[in-house]
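Coordinates in review
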Amino acid sequence: MFAMPDETPRIKPLPENEWDETVAGVVSVTGPLNIFTTLGRHPDLFKSWIGFGTMLLLEGRLPARDRELAILRAAHNNACTYEWTHHVRLGHDAGLNDAEIAALAAGLDEHPWAPADRAVVAAADELHTTKTLSDASWASLSERFDEPGLIELVILIGHYTMLAFALNALNVQPENVQPEEEH
């Protein structure tokens, strides 16, 4: 699947004595995760991004299970070890089982997905490969989500794809956490 990133971050996480109030506030809730202490090196961008990311992760309309299906598939599609490592736990918390999580790192047809789950995973794949959704995919998703949900799903997948690009390019290291699934 995908390998762990080089062990040297391209931009080192901020040491605690350099955290501004935004980074310190986030870290007080999450712990000193490298994603936040690295992206915190750009204070203005971090302040804007953290609100957007928090809305998608914690305050969105999508059910947690759908959200984590989409995020884990985006992490897999973009070979992002950091995202995958963190969202395996969140996926379990959202009700995904070990077989489903493992299947998110495999071909779409290698697991007997329920139709609603399959539509979410297929949407992440289609957006990854074609950068849009076909009318058939849209119709399938429309059976499950209302208009705000459809918008949020597409934005969520795009956001975690963008974040994967940044985490991979910056070589952000997972925090001494072993991934639950081998990649």
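Residues numbered from 1 in each chain as written. Predicted model: local features only at pLDDT ≥ 70, side-chain atom pairs only at ≥ 80, totals over all residues. Heavy atoms only, no water.

Digging into the overall build of the chain
Summing up its helical and strand segments, the chain has 9 helices and 0 strands in all. In sequence order, the chain lays out its α and β elements as α-α-α-α-α-α-α-α-α. Since a compact globule built from 183 residues should have a radius of gyration of about 16 Å, the 16 Å found for the chain is in line with a globular shape. In terms of overall dimensions, the chain has a C-alpha envelope of 50 × 35 × 30 Å along the principal axes. Each of the 183 residues in the chain was classed as buried or not, and the buried ones make up 46%. For the chain, restricting intrachain contacts to residue pairs at least 6 apart in sequence, the fraction spanning at least 24 positions comes to 69%. (Helix = DSSP H or I, 4+ residues; strand = E, 2+ residues; numbered from the N terminus. Rg over C-alpha atoms; globule rule 2.2 N^0.38 Å. Buried < 20%, exposed > 50% of the residue type's maximum accessible area, 1.4 Å probe, protein only. Contact = heavy atoms within 4.5 Å.)

Looking at the nonpolar core
Membership of the largest hydrophobic core comes to 46 residues, with the highest contact counts inside it found for Ile-35, Phe-36, Trp-84, Leu-104, Leu-141 and Leu-153. Mapped onto this core, the elements with two or more residues apiece are α1 (21–30), α2 (34–39), α3 (43–58), α4 (64–77), α5 (81–93), α6 (98–103), α7 (115–130) and α9 (147–170). Counting residues per element, this core draws most heavily on α9, at 8 residues. Excluding residues within four positions of it along the chain, Leu-104 makes contact with Leu-69, Leu-72, Arg-73, His-76, Trp-84, Leu-96, Trp-113 and Val-121. (Core = buried A, V, L, I, M, F, W, Y, C linked by side-chain atoms within 4.5 Å.)

Some points on the packing of aromatic side chains
Counted under the stated rule, the structure contains 3 aromatic pairs. Judged by centre distance (6.3 Å) and plane angle (70°), the rings of Phe-36 and Phe-46 are edge-to-face. Of this pair, Phe-36 sits in helix α2 while Phe-46 sits in helix α3, and the two are 10 residues apart along the sequence. Seen in terms of ring centroids, Phe-36 and Trp-49 are 6.1 Å apart; in terms of plane orientation they differ by 45°. Their pairing is tilted. Of this pair, Phe-36 sits in helix α2 while Trp-49 sits in helix α3, and the two are 13 residues apart along the sequence. Taken together, the ring pairs in this structure connect Phe-36, Phe-46 and Trp-49 into an aromatic cluster. (Phe/Tyr/Trp six-rings, centres within 6.5 Å; stacked < 30°, edge-to-face > 60°.)

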